Amino acid sequence: MIHIKGGFASCAASRESDVSSTNVGGRLQALRKQRGMTIAQVAEPGLREEDVAAIEDGMRDASAPEIRILADRLGCSPAELGHGITDRYVAALHARVAQAETALRQGRVEEAGQELARLIAEPALRHLPDLCRRVGYGYALALEAAGNRPAAIEQLTVALDEACSDHAETTAALAGVEAQLREQRISIALALCRCHREVGDLPSAVRVGEEALEREVPSGWTDRLVELASTLLGAYVERGDRERMAQFATDLLEEADRIGSPRAIAAASWNSAVVARILDDPLEADLLSNRALRLQAELDDGLAMGRLRMCMAQYALRHGPQDVERIGQMLTDAHAELVAASAHPGDIVSCRLAMARLDLLREEPQVALERTLSAVEQAAGMVGPVAVEAHELLAEVYRALGRLEKAALAQTGAAQALERMTALRPASAAWMVVADLHGDAGRPEQGRAALEQALMCAAL
């Protein structure tokens, strides 16, 4: 869980001196005189001298287009003229955001979350909408990585509403950054769709994904939009919508091929491979999977390659593996790629859990137990799917070893992790498994308590 140290108020106060309290007219006059320019030189062409003079004297407010024109004449940013935010201060903010994003990519979630929370409190940020959205999006990703998906969903929902607003569109158009706004909007929608999927709220995941496609497709497909569509395709798969997923996968592959970029084709191919396996077309599934791997290798992105290879191996494990040794090699390669790329610890734990699942398949439960216990220890403090998976697999291993009380305790950890994610439907199912395990272990009282918890989650 991300804990914010210091608080918003103290952070805002510490930076107050970086934002000028002088009005626009005062800053306009000061900057003009500093540059040795006359009102006529600042005004022409496009503005009237009397309007510029009135702005300087505080007799009228400057519009956003006027501020942009005047800032261009004065050689400063609109933020500096309009709000007294200096370029040096903006550069410092950008540097802090970049450092926080790097920390997040490297798995330093607590550090990243705290810095992004401090950045949200900066008084100047509300005047820098593009940077404000970037900070809000990053903070949501930090919350997601820390396992607090309900808070991430709340943050992303607010960010998406703002990014879709007329004000955001107008501001972006004036600044000439419409394309950047669109990419931000798509990224926010993608993360929101993913978070809804991860807490088991498939209707919301589908709604967010479909609304985003309806909004964005008329402006043309991009790599990021294909990735969003692939996430939506995953929601169709989890919902079991066979007819919809089949047609959507076909359409998505066509759009990705039309774009022609390896990134788009790799994303579409992998998710379409999953659909092909569900629809009992193993040849097409293998073709698309290998295509995704080949294209990902061309991108020279070790982190993405490791994640893709791991996902392919995990899917093969869940759906009747034909070649155990090949899957084992895929997981070994994926683990090496993830470690070398300084992947998020959750990805590395997930890969190790897949290795333990393969140990079970090889009928080596003791090896699987040692590997799973290590993964559970590494996942301590994590809240999210990987924590759930770790406890569920540990329960499965203990059951294979005939240690049913231990299995019930491990499965309880999975149910509690799902409750912390507010994934109440899956939590109810997990508590049912706990009840069954206690019953098999001859502990009816504990079984009844687990059943009551399952019913409570179902009611909520």
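None of the values given here were measured: they were computed from a predicted structure.

Caption draft 1: Focus on the nonpolar core. Of all hydrophobic cores here, the largest spans 110 residues; its most connected members are Leu 156, Leu 228, Leu 233, Phe 248, Trp 270 and Leu 331. Setting aside residues no more than four positions away along its own chain, Trp 270 makes contact with Ser 289, Ala 292, Leu 308, Cys 311, Met 312 and Tyr 315. Core analysis: the next-biggest nonpolar cluster, separate from the first, contains 21 residues, Leu 353, Val 386, Tyr 398 and Ala 407 among them.

Caption draft 2: The UniProt feature "domain: HTH cro/C1-type" (unreviewed entry) in the protein, seen in detail. Residues annotated in UniProt with the feature "domain: HTH cro/C1-type" (unreviewed entry) correspond here to residues 28-81. With 65% helix and 0% strand, the stretch residues 28-81 has end C-alpha atoms that lie 7 Å from each other.

Caption draft 3: Spatial organisation of the pattern of salt bridges. This model, assessed by the stated rule, comprises 30 salt bridges. With a closest N to O distance of 3.5 Å, Arg 48 and Glu 50 form a salt bridge. Taking relative accessible area as the criterion, Arg 48 reaches 48% and is therefore assigned partly exposed. Put simply, Arg 108 and Glu 111 hold a salt bridge, and the shortest N to O gap is 2.8 Å. In the salt-bridge network here, residues are joined through shared partners; they are Arg 48, Glu 50, Asp 51, Arg 60 and Glu 66.

Caption draft 4: View of the side chain of His 335. Among the structural elements, His 335 can be located in helix H19 (residues 324-340). A relative accessible area of 17% places His 335 in the buried class. Setting aside chain neighbours within four positions, we find His 335 in contact with Ile 348, Cys 351, Arg 352 and Met 355.

Caption draft 5: How the structure looks around the domain arrangement of the protein. Under the domain assignment, the protein is made up of domain 1 (24-84), domain 2 (88-140), domain 3 (147-300), domain 4 (302-401) and domain 5 (413-459). On a C-alpha basis, the centres of domain 1 and domain 3 stand 44 Å from each other.

Caption draft 6: Highlighting the state of the cysteines. The final tally for this structure, using the stated rule, is 0 disulfides. Residue Cys 164 stays outside any disulfide, its sulfur separated by 14 Å from that of Cys 193, the closest cysteine.

Caption draft 7: Here's a closer look at the environment of Thr 250. By secondary structure assignment, the location of Thr 250 is in helix H15 (residues 242-259). For Thr 250, a relative accessible area of 38% translates into the label partly exposed.

Caption draft 8: Layout of the side chain of Gln 184. Along the polypeptide, Gln 184 turns up in helix H12 (residues 178-198). Within the local environment of Gln 184, its side chain forms a polar contact with the side chain of Arg 133, the two groups lying 2.8 Å apart. Here Gln 184 is in contact with Asp 130, Arg 133 and Arg 134, once residues within four sequence places are set aside.

Caption draft 9: Here's a closer look at the packing of H12 against helix H13 (residues 202-216). For the pair H12 and H13, the least separation of the axes is 7 Å and the interaxial angle reads 160°. The pairing of H12 with H13 is recorded here as roughly antiparallel in orientation. Where H12 crosses over H13, the handedness of that crossing is left-handed. Listed contacts from H13 to Arg 182, Arg 185, Ile 186, Ala 189, Leu 192, Cys 193, His 196 and Arg 197 of H12 are Leu 202, Ser 204, Ala 205, Arg 207, Val 208, Gly 209, Ala 212, Arg 215 and Glu 216. Grouping the amino acids of the contact of H12 with H13 by side-chain chemistry returns 8 nonpolar, 3 polar and 6 charged.

Analysis parameters
Residues numbered from 1 in each chain as written. Predicted model: local features only at pLDDT ≥ 70, side-chain atom pairs only at ≥ 80, totals over all residues. Heavy atoms only, no water. Core = buried A, V, L, I, M, F, W, Y, C linked by side-chain atoms within 4.5 Å. Buried < 20%, exposed > 50% of the residue type's maximum accessible area, 1.4 Å probe, protein only. Contact = heavy atoms within 4.5 Å. UniProt positions renumbered as here; feature names shortened; annotations may be inferred. Helix = DSSP H or I, 4+ residues; strand = E, 2+ residues; numbered from the N terminus. Salt bridge = Lys/Arg side-chain N within 4 Å of Asp/Glu carboxyl O. Domains from an automatic or database assignment. Disulfide = S-S within 2.5 Å. Polar contact = N/O pair within 3.5 Å; in protein donor to acceptor, adjacent residues only side chain to side chain. Axes fitted to C-alpha atoms, helices over the stretch in contact; angles between N-to-C directions. Parallel < 35°, antiparallel > 145°, perpendicular 65-115°, else oblique. Left-handed = near helix turned anticlockwise from the far one by under 90°. Nonpolar A, V, L, I, M, F, W, Y, C, P; charged D, E, K, R; others polar.

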